[in-house]
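Notes for the structure review
As a plain string of letters, each chain reads:
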Amino acid sequence: MGFKLGIVGLPNVGKSTLFNALTETAAAQAANYPFCTIEPNVGTVAVPDPRMDAIAAIAGSAKIIETQLGFVDIAGLVRGASKGEGLGNQFLANIREVDAIVHVLRCFEDGDITHVEGRVDPISDAETVETELMLADLESLEKRVPNLAKKAAQGDKEAKAAAAVLGKALALLQEGSPARLTEPADADEARHLMQAQLLTAKPVLYVCNVEEGAAANGNAHSARVFEKAAAEGAQAVVISAAIEAEIVALEPNERSGFLADLGLAETGLARIIRAGYALLDFITFFTAGPKECRAWTVHKGAKAPEAAGVIHTDFERGFIRAETIAYEDYVAHKGESGARDAGKLRAEGKEYVVTDGDVLLFRFNV
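What comes next concerns the included structure. All values reported here derive from a predicted model rather than from experimental measurement.

On to the overall build of the protein, then. A count of helices and strands for the protein gives 14 helices and 12 strands. For the protein, the proportion of its 366 residues judged to be buried stands at 49%. Contacts in the protein between residues at least 24 apart in sequence constitute 69% of all its contacts with a sequence separation of at least 6. With the model as given, the accessible surface of the protein reaches about 17000 Å², and the carbon-plus-sulfur share is 51%.

Looking now at the environment of V298. With respect to the secondary-structure elements, V298 resides in strand β9 (residues 292-299). The exposure class assigned to V298 is buried, which follows from its relative accessible area of 4%. Distance in space between the C-alpha atoms of V298 and G309 is 10.0 Å, their sequence separation being 11 residues. Contacts of V298, omitting those with residues within four sequence positions, involve D281, F282, I283, F285, A307 and V310.

Counted according to the given criterion, the structure contains seven aromatic pairs. When the centroid spacing of 6.2 Å and the interplanar angle of 80° are considered together, the rings of Y277 and F282 count as edge-to-face. Grouping residues by exposure puts Y277 and F282 together as buried. Summarising the aromatic geometry, the rings of F285 and F362 are spaced 6.1 Å apart at their centres and angled 90° between planes, so their arrangement reads as edge-to-face. Here the residue F285 occupies a position in strand β8 (residues 282-288), and F362 occupies one in strand β12 (residues 359-364), the gap between them amounting to 77 residues. Among the residues examined, F285 registers a relative accessible area of 0% and is labelled buried. Judged by relative accessible area, which is 7%, F362 ranks as buried. A network of ring pairs unites the aromatic residues F285, W296, F319 and F362 as a single cluster.

Let us now look at helix α11 (residues 304-311). By the burial criterion, the buried members of α11 are A304, P305, A307, A308 and G309. In this structure, the buried residues of α11 make contact with β8, β9, α12 (313-317), β10 (319-325) and β12.

Let us look at the packing of helix α4 (residues 122-153) against helix α5 (residues 157-174). At their nearest, the axes of α4 and α5 sit 8 Å apart, and the two run at 145° to each other. Relative to α5, α4 is oriented so that their crossing is left-handed. From α4, M134, D137, L138, L141, E142, R144, V145, L148, A149, K151 and A152 reach across to α5, where they touch A159, K160, A162, A163, L166, G167, A169, L170, L173 and Q174. Its residues assigned to classes, the contact of α4 with α5 comprises 14 nonpolar, two polar and five charged.

As a further point, take the pairing of strand β1 (residues 3-8). On a regular strand, one side chain projects to one face of the sheet and the next to the other, so that they alternate. Among the six residues in β1, five count as buried, and that is most of the element. For β1 and strand β4 (residues 68-73), the ladder comprises five bridges, and the chain directions are parallel. Paired with L5 across the strands is F71, a residue of β4. Relative to strand β5 (residues 100-106), β1 runs parallel, the two sharing four bridges. Looking at the pairing, G6 lines up with I101 of β5.

At D281, a residue that is not glycine, the phi angle is positive and equals roughly 60°. Turning to its location among the elements, D281 is positioned in the loop between α10 (268-280) and β8. A relative accessible area of 38% places D281 in the partly exposed class. Phi angles above zero are rare outside glycine, and K334 is one such case at about 60°. Checked against the element boundaries, K334 lands in the loop between α13 (327-332) and α14 (336-341). For K334, a relative accessible area of 64% corresponds to the exposed category.

Moving on, we come to the sheet that holds β1. Taken in spatial order, the six strands make up an open sheet running β2-β4-β1-β5-β6-β7, and their pairing is mixed. At either end of the open sheet lies a strand with only one pairing partner, and these are β2 (41-46) and β7 (235-239). Averaged over all neighbouring strand pairs, the angle between strand axes comes to 25°, with direction disregarded. Sheet contacts for α4: β5 and β6 (204-209); angle to β5, the most-contacted strand, approximately 145°.

In this structure, V47 sits in the loop between β2 and α2 (51-59). With 18 residues separating them in the primary sequence, V47 and I65 have C-alpha atoms 9.5 Å apart. Setting aside residues no more than four positions away along its own chain, V47 makes contact with E66, T67, L69, I273 and Y277.

Rules used in this analysis
Residues numbered from 1 in each chain as written. Predicted model: local features only at pLDDT ≥ 70, side-chain atom pairs only at ≥ 80, totals over all residues. Heavy atoms only, no water. Helix = DSSP H or I, 4+ residues; strand = E, 2+ residues; numbered from the N terminus. Buried < 20%, exposed > 50% of the residue type's maximum accessible area, 1.4 Å probe, protein only. Contact = heavy atoms within 4.5 Å. Areas by Shrake-Rupley, 256 points an atom, 1.4 Å probe, with all protein chains shown as cover. Phe/Tyr/Trp six-rings, centres within 6.5 Å; stacked < 30°, edge-to-face > 60°. Axes fitted to C-alpha atoms, helices over the stretch in contact; angles between N-to-C directions. Left-handed = near helix turned anticlockwise from the far one by under 90°. Nonpolar A, V, L, I, M, F, W, Y, C, P; charged D, E, K, R; others polar. Pairing = 2+ DSSP bridges.

So, in structure tokens, the structure goes:
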């Protein structure tokens, strides 16, 4: 699995319709009433990357295995979820398991589809969900931070680091700001913040669900969401869930023409994937051989042993070196042999920072 995104939002904003379209399934029941999604539906999609076709053709790979992106369609949230209202307790538990939050916001007018709050206001909707998440985090930290502070005062170094960073998060939440704005002082504090699994520490991607006519350029509602995302350092994309549902029903060779007629260059899935990678600071590297060409996902800045560990823990434990070829060199010199002859294959050690598009072969000994 590359990473997992949790699709959240108020009831009847188009979450389940979008989930069905993105995963090309009918696993989630889309209906015009709240809480039609009671258990979180999970779907996976392959992350398309045209570079893999070129690498596989050169390597003579029998199959291509893309990175898998997971979507979790989580039950709709209402005011009071942090206290267990609606399906609140389940919502909060499910959301802890994802890498980032895809917050679907209703940015379309339609009198036939009821809005749980009786009006269309995506900013207010976003604030409703964010408030419930902040209240849940606040309740958690108000219990944990004092206990950690006591342990820190007794000389517990781990508790000291945890108390420091979670104390910063608590202060932000008390001011009405999400925990993701917390600035850890060092790697230890960053680790403790991550381990705390705070709901509002997760990165957010706002998905503006617009009417079909606004799918290319958005509308006044989505413009407000983009302003909010920019102010928060979040990501935002415009999508018409209705269009995405139509695309699924088409044959693959009909989709590009359909998109072009609507003034769209790519599907909503492609936009979400690109925004998700940017949001989580992910890059892709490749392995290639006669059996398979495969894509792997790591955080930007990952060193070679960490990348090796994504494939198998033994690779990281017994890491010796990484034989590295940049994607452009791999293609230009027709693969490993040509790149080696041209001096473009490099033997990199433990400090090498993996670059997006690297074609890697790991040498290890366990």
